[in-house]
Amino acid sequence: MPSHHLAEKMKNLNLPSPIQSITFQNQQFFLKRDDLIHPDFSGNKARKFYYFLQNDFPNITKIVSYGSAQSNAMYSLSVLAKMRGWGFEYFVDHIAEYLKENPHGNYRAAIENGMRLRQAQPPFLELVEGKNDILFIEEGGRQKEAEYGIKLLAQEIIDWQKDQDIKELNIFLPSGTGTTALFLQKNLLMLNAERLTLVFTTPCVGDKAYLQKQFLELESDEKYHPTILTLENKHHFGKLYKENYKIWLKLQQQTGVEFDLLYDPLGWRVLLAHPEVFSNPTLYIHQGGVLGNESMLARYERKYPSINLEL
Ligand SMILES: *Cc1c(COP(=O)(O)O)cnc(C)c1O
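Residues numbered from 1 in each chain as written. Predicted model: local features only at pLDDT ≥ 70, side-chain atom pairs only at ≥ 80, totals over all residues. Heavy atoms only, no water.

Trainee: How should the site of the ligand be read in this particular structure?
Mentor: Around the ligand sit 16 residues in total, of which Lys45, Lys48, Asn72, Thr177 and Thr180 are the nearest. Within the contact set of the ligand, an oxygen atom lies 2.7 Å away from a side-chain nitrogen or oxygen of Asn44. Between Gly176 and the ligand, the recorded distance is 2.8 Å, taken from a backbone N or O atom to an oxygen atom. Calculation on the ligand without its partners gives an accessible area of 390 Å², and the protein chains cover 97% of this total. Broken down by element, the shell around the ligand gets its largest block of residues, three residues, from helix H2 (residues 43-48). (Near = heavy atom within 4 Å. Polar contact = N/O pair within 3.5 Å; in protein donor to acceptor, adjacent residues only side chain to side chain. Areas by Shrake-Rupley, 256 points an atom, 1.4 Å probe, with all protein chains shown as cover. Helix = DSSP H or I, 4+ residues; strand = E, 2+ residues; numbered from the N terminus.)

Trainee: What should I look at first to understand the nonpolar core in this one?
Mentor: In terms of nonpolar packing, the biggest core is built from 32 residues, with Phe41, Phe49, Ile63, Leu80 and Phe88 touching the most fellow members. Taken together, the elements giving at least two residues each to this core come down to helix H3 (50-54), helix H4 (72-84), strand E4 (87-92), helix H6 (105-112) and strand E6 (134-137). By residue number, the principal contributor to this core is H4, which donates eight residues. Of all hydrophobic cores here, the second largest spans 27 residues; its members include Phe200, Leu240, Ile247 and Tyr284. (Core = buried A, V, L, I, M, F, W, Y, C linked by side-chain atoms within 4.5 Å. Buried < 20%, exposed > 50% of the residue type's maximum accessible area, 1.4 Å probe, protein only.)

Put into structure tokens, the structure is as follows:
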């Protein structure tokens, strides 16, 4: 893609992303709208892949990555590849027949952006043509380059916090790999020595021990680790919990904002169960992902056709 087109695209990134005040369950929160960064390249994947949008990679012609066939990271990488004029090969270990025959959500959008989907087992790079021109991205964008864009997120929050004269701010965001929460806490502590800004998170994909392990792999110094909060019951990623559906509907009803259906429902449930967090001004980070709602919402509506929000 000619570079002036890319420059044009990047100018359209809505940064710093806006912060608004919302009221949910009679409690006031601030909301960082990273879901509004760009219609296609939004949320925490835009932050995590920002490095690959901003820097020059004269030898790269192709992105190779792997993961699930409906992931937000897969879709965002398809947008990044398209913006940069690169190819994109994505490996899955399986894909549901239904999805193949009825493409929807992140999968359809990524295919439309030119993604080549391949079904195979690792190691993937042996299966790909060309060796030196490949940019390999770990599942979910869990890699050190993610810090580049998340540092900018930290700086945006610090500038806003100073502007609002908030001495002690608490931040909440739900985690998958924990990359965003970890780099956010680390950079807030490094860049904002005179104010206290703590990051709280919850594991949506694995359990607390899994998330701690992820943090340690990215940063050995535990003073930079976010605080992990959980509910008592075990939670399985992608499972249709009535409580998750309910809180998602309530969020929409009370705030007018569409949240993601995979991470945010658990995130909000955990946050509401820990009122000590919102004893200080609290900023919730909306990390995007709403394109993936299409498939989840259809499944929820089939499972709970007449849900009652009062109960
Ligand atoms: C990827 C993603 C997450 C998890 O981010 P991690 O950095 O892996 O913890 C959370 N919310 C949404 C909407 C996402 O797309």
